[in-house]
Structures are given as structure tokens and as C-alpha cells.
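# A structural walkthrough
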Amino acid sequence: MRYLQPLLAPRSDVSSYYTIHADRDMWSTACFFHMVSQAVDKAGKIIAGSNADDAIFGFRPVDIKCDPNGVTTWPNAGAESNRFLFEVKDPDSYASAMTVAMATLLGNIQ
């Protein structure tokens, strides 16, 4: 029931009201598509993940290196590294394209 608390809270409950009405970025939304080998193009069309050149996001294989001063870098690696860095290829189109793609995805749930 705790997940309902912000929905049922009065408007005077500022923290609950903020939880429901705050703007949200969609940076982690790409994971939903990536999990099922899909991607999204600039127009928000859901495409096969194999069309990576047309995708507005990707997951670049990397290694992780941390020097003695605590500076971390993520140099490119082969897919066998099993570590990936999320990249937005087109920041200007990302938000609108992901909104269209999620609307399409959620609209198809029956």
C-alpha cells in the first residue's frame, strides 16, 4: 500500500504532491527497449536493436579503470567485457523520441 501514499495524499502534502507531479527525465527508459533487443530512432519509432546506426541511444562495451587518485575512466572494450556504458547519441531528440516510443509501447499493452 505504500506505493499508493503519494496518490492518495492531499495537495497540502508537498513531498507526496512533488512525487507525483515532478518532471521526470527518461534516461533509464532505454533499458526497457534494450532488454528486448529493441532501440528507438529519432522520430520515436521502435526499431530492431540490430539497427544501431539509426538508434538514438546505445550501450558501448567498456573496461573500467580506476587510478590511485580515484579517477575512473571507461575505455572502449570488446563485447566480451560484459560491461556497457549507456550513451545518448542524439541529446536533442532523445526526450521527444523516447516519449513517443513509450507512448507506443504502453498504448499496446492490453
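Everything here concerns the structure above.
The model shown is predicted, which means the values in this text are computed figures rather than measured ones.

## Structural notes on the layout of surface pockets
For the largest pocket, the calculated volume is near 180 Å³. Surrounding the largest pocket, His34, Ser37, Gln38, Ala39, Gly49, Ala52, Ala55, Phe57, Gly58, Phe59 and Lys89 form its lining. Taken together, the elements giving at least two residues each to the lining of the largest pocket come down to strand E1 (38–40) and strand E3 (57–61). Top contributing element to the lining of the largest pocket by residue count: E3, with 3 residues.

## A closer look at the side chain of Ser81
The topology assignment puts Ser81 in the loop between strand E5 (72–73) and strand E6 (84–88). With sequence-adjacent residues up to four places away left out, Ser81 is seen in contact with Pro61, Val62 and Asp63.

## Things to note about the nonpolar core
Among the nonpolar cores identified, the biggest contains 13 residues, and Phe33, Val40, Ile56, Phe57, Tyr94 and Met98 are the most heavily contacted of them. Counting only elements with at least two residues in this core, the list comes to helix H3 (30–35), E1 and helix H4 (91–107). Top contributing element to this core by residue count: H4, with 5 residues. Filtering out sequence-adjacent residues up to four positions away, Val40 remains in contact with Phe33, Lys45, Ile47, Asp54, Ala55, Ile56, Phe57, Ala97, Met98 and Ala101.

## Side note on unusual backbone geometry
Within the chain, Ser37 stands out as a residue other than glycine whose phi angle is a positive 55°. Note that Ser37 resides in the loop between H3 and E1.

## Remarks on the environment of Thr72
Tracing the backbone through its elements, the reader meets Thr72 in strand E5. For Thr72, a relative accessible area of 30% gives the class partly exposed.

## Some thoughts on the packing of aromatic side chains
Tallied over the entire structure, the rule returns 4 aromatic pairs. Seen from their ring centres, Phe57 and Phe59 are 6.2 Å apart, and the 80° between their planes marks the pair as edge-to-face. Note on Phe57: relative accessible area 4%, which makes it buried. Judged by centre distance (6.3 Å) and plane angle (70°), the ring pair of Phe86 and Tyr94 falls under edge-to-face. Classification of Phe86 by relative accessible area gives partly exposed; the value is 28%. The exposure class of Tyr94 is buried, given its relative accessible area of 1%.

## Overview of a nonpolar patch on the surface
A surface patch of nonpolar side chains, about 340 Å² in accessible area, is lined by Phe32, Met35 and Val36. Turning to its location among the elements, Val36 is positioned in the loop between H3 and E1. What makes Val36 exposed here is its relative accessible area of 53%.

The rules behind the values
- Residues numbered from 1 in each chain as written.
- Predicted model: local features only at pLDDT ≥ 70, side-chain atom pairs only at ≥ 80, totals over all residues.
- Heavy atoms only, no water.
- 1 Å grid on protein atoms, 1.4 Å probe; cavity = no way out; pocket = protein on both sides within 12 Å on 5 of 7 lines; lining within 4 Å.
- Points joined across faces, edges and corners; volume = space filled by probe spheres on them.
- Helix = DSSP H or I, 4+ residues; strand = E, 2+ residues; numbered from the N terminus.
- Contact = heavy atoms within 4.5 Å.
- Core = buried A, V, L, I, M, F, W, Y, C linked by side-chain atoms within 4.5 Å.
- Buried < 20%, exposed > 50% of the residue type's maximum accessible area, 1.4 Å probe, protein only.
- Phe/Tyr/Trp six-rings, centres within 6.5 Å; stacked < 30°, edge-to-face > 60°.
- Patch = residues over 30% accessible without salt bridge, like charges linked within 9 Å, V, L, I, M, F, W, Y side chains within 5 Å.
- Areas by Shrake-Rupley, 256 points an atom, 1.4 Å probe, with all protein chains shown as cover.
- Salt bridge = Lys/Arg side-chain N within 4 Å of Asp/Glu carboxyl O.

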